[in-house]
Structure formats: structure tokens, C-alpha cells
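So the chains spell out like this:
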Amino acid sequence: MASPPDEAGICVGDPQQPAQAWRNPLKHGLFAQGLCLFIAYVFWLLDASSSFVTARLYAVCIGTSCWLFIEGIRLSINRVMTWAGASPALLAAGRGTSSLIVSVIVGSALGYSVGTPIADALTGFRSPSLLDNRAVVVLTLIATSLAVYFSATTERLARERQAAESARRAATETRLKLLESQLEPHMLFNTLANLRVLIALDAPRAQAMLDRLIAFLRATLNASLTNAHALSAEFDRTADYLELMAIRMGPRLVFALDLPADLRVHPVPPLLLQPLVENCIKHGLEPKVSGGRIEVAARRNAAGTTLVITVRDTGIGLVDSTTSRREGFGTHQVRERLAAVYHGAASLDLRNAEGPEGGTLATLHIPLEA
């Protein structure tokens, strides 16, 4: 099990995340170098007679030493406690604030004691000892504490944002699964009701319809195991459903599907088109004695940024008596799923189709970059 990151954002004692265990200390080191540059600039401003290069060299040597000691102490504490098999409570304490404070104090003192002689050797100067230069030691401690606090706060906020995003994704997935679990029985009940009627009228056609239903449900089950699949798979499932309905309706149902090759792999939520096609049959073509035609097509908008899917029938259209029914369960589910997946960036428009054939036109607008 992965060890949780500590307050400084260091994932230590985690064999499953070796890259993360070292990435955060390196980020701390880069931040420390920036802070060293700032401190050197401040010292240079306070003492105009000094050299900025010299101030920068001392700041780098002391600051880098402090960073190495603090990170080394933190890593060592957690490695030793993990190796010793410490309890989860002790491991949490080893990554807690008290451990961080100890690391900062000890690391700052050691960093000054080691970094100063290195800078002296490079510059030829002789700096006061740790006890004789309390002002610089205090400044080093303050600067180190601020650096660690800033890094810890920044990375804690980043972890919280990541956790919130993970929770949002989990909630979205759960919501989608709930919508799918409501949608599939709705379609199945309608189909079984149609099959029951057809058994009494034409047993061979009912058997063919049952075979097609089994194949459709098997494909639908596979599709429902994921939150998204290729648009080509969605068109295949829609074709299966229309073939299923064509067995029952015979020549009263004609359909055509048009999917350009460059859009076949674009991901969409499963069972997105089937409720719209079901509405076309139930509310558009079935009330019409002569039946009609259903056309499903996909294209890009003029700007090339949006996937536009149209589902049109040549049925009775959105007359007053059926408008509310067309905006019923199936359409509501499609709108809910679009909202859950695309967060307002996708839409569904339902209106009467233009032209002498009449009927209804449902238009989906989905961002291609989602």
C-alpha cells in the first residue's frame, strides 16, 4: 500500500512511487536556489561594498547545504521507521509537523556549519563560527522555515485539488453508471412489450427478433462496462437496435447511418444515441400508418471543433400532444449524461425537422477535444 505524502509533499517509504519520492525534493531544491538568489540580492543591497557574486556564492552554499540536510533527515527518518516496521501511527508522526520542525532546525544548523566553510574555501574569506554569527544563523533558520512552509503549503493544496478532482471523476462515473442502469431496463421493457405482441401475430419474425435482441443485449453489456467507447461502436449498437426494430415493423421502417471515417474513433458515452432512435420509433413512426425513415449522421461543425450528430425521423413531428413525451425519460437521460460527462460543453436540441417530409430532428453538439 502506498505511503501517504507528508506535509512537505515528500512521498517517502513508498516502493510503488520511486519517481515521486525524488521529484518533490528536487522541486524543493529548485525553490531553494531561487530563495538563495533573493537572499543574496538583499545582502548585496544592505552592504553596497560587498560583491554580489560573493553574496550569491555564500547563499548558494549555505542554502543548498540546508536543503540537502533537511531532505536527507526527512527521508532517513521515514526510511528507518519503515524498515523497522513502525506502526501506522508512528509512521504518521514521522511524517508530521513535529518531525518537520526538527528537520528544519537540525538541517539549518548543519547546513550553515557545512556551507559556510565551503564558501570560505572558494572565496578566501573567514566567516564567524555558528555561535559567533547568530544573526546570519537566525536569518538562515527563518529563510529555511519559510521555504519549507511555502513548499509544504503549495503541495498540500495541489494534493487537495487532485483529491477533489478524483472525487469529482468518481462521482461522475457513478452518476453515469446510475443513468445507464436506468436506461437499459427502460429499453428492454419496451422491446419485450413489442416482442410479446409480435409472438401472437408472427412467430417466425418474433423468433428472429428475439435472436437479434440477445445479440444486441450482449453487445450493450460489453459497452456498458466502460464510460466511453468509439463513435463507430455507438453507431454499430444503433444499427443493431434499428435492425431489431425493423424485424417488428417490416417495410414501415427504413434507416440510414452516415459516419465519416475521420470521426470513427472519437470517444462518446455508451448508449447515447439509442434513446433518441427509440423516441423516433415510438413517438414519430409508430403513430404514422405508413411508417417512415430514420437517418443518423455525424459531421464536424464549420470550425472543426464540435462533433454534430443528427437523428432525424420522418414521423409525425413534435405536435402538441407528443412534445412532452418526446422530452420524457429517454431525452432526459441523454441530457443528464451529456451534463455529467461534458459539464455544460455539450448540448441536445430537439425540434421539428424542416422540409416537406416533416418529422423530428434531434441534434447533439459534443466538443471534439473532450
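Bear in mind the structure is a predicted one, so any value in this text is a computation, not a measurement.

## A look at the pattern of salt bridges
Here's step 1: This structure, assessed with the given rule, holds six salt bridges.
Here's step 2: With a shortest N-O distance of 3.0 Å, R237 and D240 are connected by a salt bridge. Taken together, the positions of R237 and D240, both in helix 7 (residues 231–249) and three residues apart, correspond to about one turn of that helix. There is no split in this pair, since R237 and D240 are both buried.
Here's step 3: One salt bridge in this structure joins R351 and D349, with 2.6 Å as the shortest N-O distance.

## Overview of the packing of helix 7 against helix 8 (residues 274–285)
Here's step 1: Axis separation between helix 7 and helix 8 bottoms out at 9 Å; the angle between their running directions is 25 degrees. One finds that helix 7 runs roughly parallel with respect to helix 8. Pair helix 7 / helix 8 crosses with right-handed handedness. In this structure, helix 7 uses E234, T238, Y241, L242, M245, R248 and M249 to contact helix 8, whose residues at the interface are Q274, V277, E278, I281 and L285.
Here's step 2: Class assignment for the residues of the contact of helix 7 with helix 8 results in seven nonpolar, two polar and three charged.

## Observations concerning unusual backbone geometry
Here's step 1: If you check the backbone angles, L271 has positive phi at about 60 degrees while not being a glycine.
Here's step 2: In this fold, L271 is placed in the loop between strand 3 (267–268) and helix 8.
Here's step 3: Phi at H343 is positive, roughly 55 degrees, even though this residue is not glycine.
Here's step 4: Relative to the assigned elements, H343 resides in the loop between helix 10 (329–342) and strand 6 (347–352).

## Brief notes about the environment of V197
Here's step 1: Along the chain, V197 falls in helix 5 (residues 134–201).
Here's step 2: Each C-alpha atom of the pair V197 and R248 lies 9.4 Å from the other, and the pair is 51 residues apart in sequence.

Procedures and definitions
Residues numbered from 1 in each chain as written. Predicted model: local features only at pLDDT ≥ 70, side-chain atom pairs only at ≥ 80, totals over all residues. Heavy atoms only, no water. Salt bridge = Lys/Arg side-chain N within 4 Å of Asp/Glu carboxyl O. Helix = DSSP H or I, 4+ residues; strand = E, 2+ residues; numbered from the N terminus. Buried < 20%, exposed > 50% of the residue type's maximum accessible area, 1.4 Å probe, protein only. Axes fitted to C-alpha atoms, helices over the stretch in contact; angles between N-to-C directions. Parallel < 35°, antiparallel > 145°, perpendicular 65-115°, else oblique. Left-handed = near helix turned anticlockwise from the far one by under 90°. Contact = heavy atoms within 4.5 Å. Nonpolar A, V, L, I, M, F, W, Y, C, P; charged D, E, K, R; others polar.

The analysis is restricted to geometry; functional conclusions fall outside its scope.
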